[in-house]
Amino acid sequence: YTEKGEKHEHGRFLRFHSITLWVSNAKQAASFYCNKMGFEPLAYKGLETGSRELVYHVAKQDKVIFVFVSPLTPGNKEFGEHLQKHGDGVKDVSFEVEDCDFLVQKARERGAVIVKEPWVEEDKYGRVKFAVIQTYGDTTHTLVENLDYKGIFLPGFHPPLFLDPLLLKLPSCKLHFIDHVVGNQP
């Protein structure tokens, strides 16, 4: 939408896609959210699926998706410095969008720093286009455009390796969607 509220022909924000948290132990963090907050394991990417640098545990509750990420090697400087500076916390807020290229162009024209230009990832379930934009502090926004993807989460992700049978007996916290995200500033 323009500043006057007119709708653009291209580039729409559809909804929050996911919140990515950089944490020191992704498996433990995801387990906590599942056991204490009513989330369910959704997807996994790690050594067993071909990811050699980072491990991802994805947890979901209705339309709320959290992605917990940890390094697999002790020498990951970017990750280590981020954890030392911020501790476990949100690194990225992702939005599902239409026309990622158009939105990146408009963001650039308005002075945004593009951390990563649009790229496409794919697997046997289809394709997704991404771009990353710098926001406040060390936090980023990822634009996620589903080109034709039909998998469980995103390309490269697999079903969780383990489903705790006790989770079925735990109550849901009844979280349904994310309506806003607050970015704390110093």
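Residues numbered from 1 in each chain as written. Predicted model: local features only at pLDDT ≥ 70, side-chain atom pairs only at ≥ 80, totals over all residues. Heavy atoms only, no water.

The name recorded for the chain in an unreviewed UniProt entry is 4-hydroxyphenylpyruvate dioxygenase, from Staurois parvus. Under the UniProt heading Catalytic activity (unreviewed entry), the entry covering the chain gives this text: "3-(4-hydroxyphenyl)pyruvate + O2 = homogentisate + CO2". (UniProt positions renumbered as here; feature names shortened; annotations may be inferred.)

### So, the environment of K150
With respect to the helices and strands, K150 occurs in the segment after β8 (140–146). Note: C-alpha distance between K150 and D123 (27 residues apart in sequence) is 10.0 Å. (Helix = DSSP H or I, 4+ residues; strand = E, 2+ residues; numbered from the N terminus.)

### As for the side chain of K45
Structurally, the position occupied by K45 is in strand β2 (residues 40–45). Contacts of K45, omitting those with residues within four sequence positions, involve S51, L54, V55, Y56, P155, G156 and F157. (Contact = heavy atoms within 4.5 Å.)

### What to know about the nonpolar core
F66 and F68 are the most contacted members of the largest nonpolar core, which has 26 residues in total. Those elements that place two or more of their residues in this core are β1 (12–22), α1 (26–37), β3 (54–61), β4 (64–71), β5 (89–98), α3 (100–109) and β7 (126–134). It is α1 that provides the largest number of residues to this core, a total of four residues. Ignoring any residue separated from it by four or fewer positions in sequence, one finds F68 in contact with L21, V23, A26, A29, A30, Y33, V55, Y56, H57 and A59. Core analysis: the next-biggest nonpolar cluster, separate from the first, contains 18 residues, A43, Y56, F130 and L154 among them. (Core = buried A, V, L, I, M, F, W, Y, C linked by side-chain atoms within 4.5 Å. Buried < 20%, exposed > 50% of the residue type's maximum accessible area, 1.4 Å probe, protein only.)

### Considering α1
End to end, α1 covers 15 Å across 12 residues, agreeing with the expected 16 Å (1.5 Å per residue, within 8%). Taken as a whole, α1 has its buried residues at A26, A29, A30 and C34. What you see down the axis of α1 is that its buried residues fit within an arc of 135 degrees, all on one side. Opposite the buried face of α1, by more than 90 degrees, sit the exposed residues K27, Q28 and K36. Here the buried face of α1 lies against β2, β3 and β4. Sitting at the head of α1, N25 places a side-chain oxygen 3.3 Å from the backbone nitrogen of K27. Downstream of α1 by one or two residues, G38 has phi in the positive range, about 80 degrees. (Expected span 1.5 Å × (residues − 1). Arc of directions from axis to C-beta. Polar contact = N/O pair within 3.5 Å; in protein donor to acceptor, adjacent residues only side chain to side chain.)

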